[in-house]
Amino acid sequence: GAVVSQHPSWVICKSGTSVKIECRSLDFQATTMFWYRQFPKQSLMLMATSNEGSKATYEQGVEKDKFLINHASLTLSTLTVTSAHPEDSSFYICSARDGRRAYNEQFFGPGTRLTVL
Amino acid sequence: GEDVEQSLFLSVREGDSSVINCTYTDSSSTYLYWYKQEPGAGLQLLTYIFSNMDMKQDQRLTVLLNKKDKHLSLRIADTQTGDSAIYFCAESTKAAGNKLTFGGGTRVLVKP
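Residues numbered from 1 in each chain as written. Chains lettered and ligands numbered in written order. Predicted model: local features only at pLDDT ≥ 70, side-chain atom pairs only at ≥ 80, totals over all residues. Heavy atoms only, no water.

Engineer: Can you help me understand the overall build of chain A in this one?
Structural biologist: Check the secondary structure of chain A and you find 0 helices and 11 strands. Mapped in sequence order, the helices and strands of chain A form the string β-β-β-β-β-β-β-β-β-β-β. Seen through its principal axes, chain A has C-alpha atoms that stretch 40 × 25 × 20 Å. Going through the 117 residues of chain A one by one, you find that 51% of them count as buried. (Helix = DSSP H or I, 4+ residues; strand = E, 2+ residues; numbered from the N terminus. Buried < 20%, exposed > 50% of the residue type's maximum accessible area, 1.4 Å probe, protein only.)

Engineer: Can you help me understand the overall build of chain B in this one?
Structural biologist: Looking only at helices and strands, chain B features 0 helices and 11 strands. Tracing chain B from N to C terminus, the helices and strands come up as β-β-β-β-β-β-β-β-β-β-β. Scaling as 2.2 N^0.38, a compact globule of 112 residues should have a C-alpha radius of gyration of about 13 Å, and chain B matches this with 13 Å. In terms of overall dimensions, chain B has C-alpha extents of about 45 × 30 × 20 Å along its principal axes. Burial statistics for chain B: of 112 residues in total, 46% are counted as buried. If you take every contact in chain B between residues at least 6 apart in sequence, the share linking residues at least 24 apart comes to 55%. Entry remark: accessible area of chain B is about 5500 Å², with carbon and sulfur atoms responsible for 48%. (Rg over C-alpha atoms; globule rule 2.2 N^0.38 Å. Contact = heavy atoms within 4.5 Å. Areas by Shrake-Rupley, 256 points an atom, 1.4 Å probe, with all protein chains shown as cover.)

Engineer: Explain the sheet that holds strand β1 (residues 4–6) of chain B here, please?
Structural biologist: The strands that make up a sheet are held in pairs by hydrogen bonds between backbone atoms, and each pair lies either parallel or antiparallel. All names here are of chain B. Pairing is antiparallel across the open sheet formed by 5 strands, whose spatial order is β1-β3-β8-β7-β6. Two strands bound the open sheet, and with one partner strand each, they are β1 and β6 (55–58). Recorded for the sheet is a direction-independent mean angle of 15° between the axes of neighbouring strands. Here 3 bridges tie β1 to strand β3 (residues 18–24), and the two strands are oriented antiparallel to one another. If you follow Q6 over to β3, its bridge partner there is C22. (Pairing = 2+ DSSP bridges. Axes fitted to C-alpha atoms, helices over the stretch in contact; angles between N-to-C directions.)

Written out as structure tokens, the structure is:
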């Protein structure tokens with residue numbers, strides 16, 4: 001149990017286009033989902049926290065108009081990178097917290113590699 | 001703010017024990033975690049320890065927590081080639097809404 005999927009697993013796009021990444025909790029309801037960004041050989045940096053039905057909370061330095069997050073249901077959150085540029089190329093990972101568990105465990109998706117040409 | 005640090009690289013021979021170290025600065029950390037990341041993949045939770053514990057053992061994994069020194073370690077017994085990966089320690093605090101703060105990751109290479 002506690003499986004999180006991401007789609008697509010990789011995407012290549014042209015500069016200036018927008019890209020949507022989906023994060024789904026397959027067998028549990030995720031009251032909270034998190035979006036991380038990971039540069040090569042670096043750690044994960046939290047971008048934002050999203051709670052179902054409310055606006056996402058962005059970390060300092062993350063542009064909310066550039067990285068649009070929608071958490072419309074308890075099993076789906078989306079991250080849209082708007083007007084993507086080469087510097088947005090990165091590995092994007094989502095995680096989800098099962099609201100029924102008392103313990104604060106986050107289940108991670110497999111990641112989406114974005115390359116902007 | 002919180003800061004979590006790890007050594008960058010560890011090389012170990014197959015069958016030996018590996019010890020990965022981590023230090024953190026936030027004394028109010030509630031949970032501390034060890035995650036494993038294989039190439040091109042997401043993170044897999046290996047184990048976690050609550051801040052009022054000193055040690056936790058789970059099969060080949062042993063976690064030691066020295067709260068006074070804010071030092072966390074992960075020992076992998078009988079290391080296998082499949083253990084080659086990047087290992088991240090992370091911490092969370094209630095005050096920060098239980099968000100995870102990750103260390104930079106330790107790349108473990110297991111040599112046959």
